[in-house]
Amino acid sequence: MRISSIAAHVGSASFDVVDRSHGAHELVRFDGDLPGFACFAALTSSPAFIVGLEWSFTVDGVVAPASDDYTNCVAIPSDGAAHTITALAGGQTIAISATAQ
């Protein structure tokens, strides 16, 4: 794939096309620089990131909405307690314990 822009910067990128119906091989926690949120990534077996998946979350067993800005993140309650957060995407689930900082 060749990517170009008006500003004369040219670069290249490679990517794998994955059929979402095959599901993710693994889900991992991937927070980056978002304190107060638990974020997740879906990976193929290669491993490569899968984009475009629908995510659903529970916090302590109660359905919780995804972040308005990041569909793969959910807010961690800021009460200082540890919470069980479960994420579901691509046919896989992951459960973690998290405390907001």
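Chains are numbered independently. Their residues run from 1 in the order of the written sequence. Reporting of local features is limited, given that this is a predicted model, to residues whose pLDDT is at least 70; pairs of side-chain atoms are given and counted only at 80 or more, and all residues count toward the totals for whole chains, interfaces and linings. Note that water and hydrogens are dropped before the side-chain values are worked out from all heavy atoms of the structure.

Student: Would you explain the overall build of the protein in this entry?
Tutor: Within the protein, the regular secondary structure consists of zero helices and ten strands. Overall, the protein shows an N-to-C arrangement of helices and strands of β-β-β-β-β-β-β-β-β-β. In this description, contact between two residues means that some pair of their heavy atoms is separated by no more than 4.5 Å. A separation of at least 24 residues holds for 44% of the contacts in the protein among residues at least 6 apart in sequence. Accessible surface, the protein as shown: approximately 6,800 Å² in total, 54% of it carbon and sulfur. Strands here are runs of E lasting at least two residues and helices are runs of H or I lasting at least four, both read from the DSSP assignment and numbered beginning at the N terminus. In this description, accessible areas are obtained by the Shrake-Rupley approach with a 1.4 Å probe, and a residue is regarded as covered only by the protein chains that are shown.

Student: Looking at this model, I keep getting lost on the environment of Gly 61. Mind explaining?
Tutor: The topology assignment puts Gly 61 in the loop between strand S6 (56-59) and strand S7 (62-64). Exposure categories follow from relative accessible area, calculated using a 1.4 Å probe and restricted to protein chains: below 20% of the type maximum is buried, above 50% is exposed, and the middle band is partly exposed. Note on Gly 61: relative accessible area 65%, which makes it exposed. Gly 61 sits 25 residues away from Thr 86 along the chain, and the two C-alpha atoms are 8.0 Å apart.

Student: How should I be thinking about the sheet that holds S7 in this particular structure?
Tutor: Backbone hydrogen bonds hold the strands of a sheet together, and the pairing may be parallel or antiparallel. In space, the four strands of this open sheet follow the order S7-S6-S9-S10, with antiparallel pairing throughout. In the strand order of this sheet, the two ends are held by S7 and strand S10 (92-98), each with one partner. In this sheet, neighbouring strand axes are inclined to one another by 25° on average, regardless of whether the strands run parallel or antiparallel. In this scheme, strands are said to pair when DSSP sees at least two bridges between them. Where S6 meets S7, three bridges bridge the pair, whose relative direction is antiparallel. Across the sheet, Val 59 pairs through a bridge with Val 62, a residue of S7. Axis geometry follows a simple rule: fit a line to the C-alpha atoms, using only the stretch in contact for helices, then measure angles between N-to-C directions, giving values from 0 to 180 degrees.

Student: I tried to follow the packing of aromatic side chains on my own but got confused; where do I start?
Tutor: What characterises a pair of aromatic rings is the spacing of the ring centres plus the angle enclosed by the ring planes. Between 30 and 60 degrees the pair is tilted, below 30 it is stacked and above 60 it is edge-to-face, where a pair is any two Phe, Tyr or Trp rings, Trp via its six-membered ring, whose centres lie within 6.5 Å. This model, assessed by the stated rule, comprises three aromatic pairs. Taking the centre distance of 6.2 Å and the plane angle of 5° together, the rings of Trp 55 and Phe 57 count as stacked. Of the residues examined, Trp 55 reaches a relative accessible area of 16% and is grouped as buried. An aromatic cluster is defined as three or more aromatic residues linked by ring pairs; in this entry it consists of Phe 40, Trp 55 and Phe 57.

Student: Can you walk me through the layout of surface pockets in this structure?
Tutor: Using a probe with the size of a water molecule, rolled over the atoms, empty space left in the structure can be pinpointed. Cavity: a set of points on a 1 Å grid over the protein atoms alone where a 1.4 Å probe fits but cannot get out. Pocket: an open set with protein on both sides within 12 Å along at least five of seven lines, its lining residues, like those of a cavity, having an atom within 4 Å of a point. Grid points are joined across faces, edges and corners, and a volume is the space filled by probe spheres set on the points. Its volume calculated, the largest pocket comes out at about 160 Å³. Looking at the largest pocket, the residues that line it are Phe 30, Phe 40, Ala 41, Ala 42, Phe 49, Ile 50, Val 51, Gly 52, Leu 53, Trp 55, Thr 71 and Asn 72. Counting only elements with at least two residues in the lining of the largest pocket, the list comes to strand S4 (37-43) and strand S5 (49-50). Top contributing element to the lining of the largest pocket by residue count: S4, with three residues. When grouped by side-chain class, the residues that make up the lining of the largest pocket number nine nonpolar, three polar and no charged. Polar here means any residue outside two lists: the nonpolar Ala, Val, Leu, Ile, Met, Phe, Trp, Tyr, Cys and Pro, and the charged Asp, Glu, Lys and Arg; Gly therefore counts as polar.

Student: Even after reading the chapter, I still don't get the pairing of S4, so can you show me in this structure?
Tutor: Where a strand is regular, its side chains alternate between the two sheet faces. Taken across its seven residues, S4 has six buried, putting it largely inside the fold. Where strand S3 (residues 26-29) meets S4, four bridges bridge the pair, whose relative direction is antiparallel. Across the sheet, the residue bridging to Arg 29 is Phe 40, located in S4. Sheet topology note: the S4/strand S8 (residues 73-75) ladder contains three bridges and is antiparallel. When the bridges of S8 are listed, Phe 37 appears paired with Ala 75. Hairpin connection from S4 to S5: five residues lie between these consecutive antiparallel strands.

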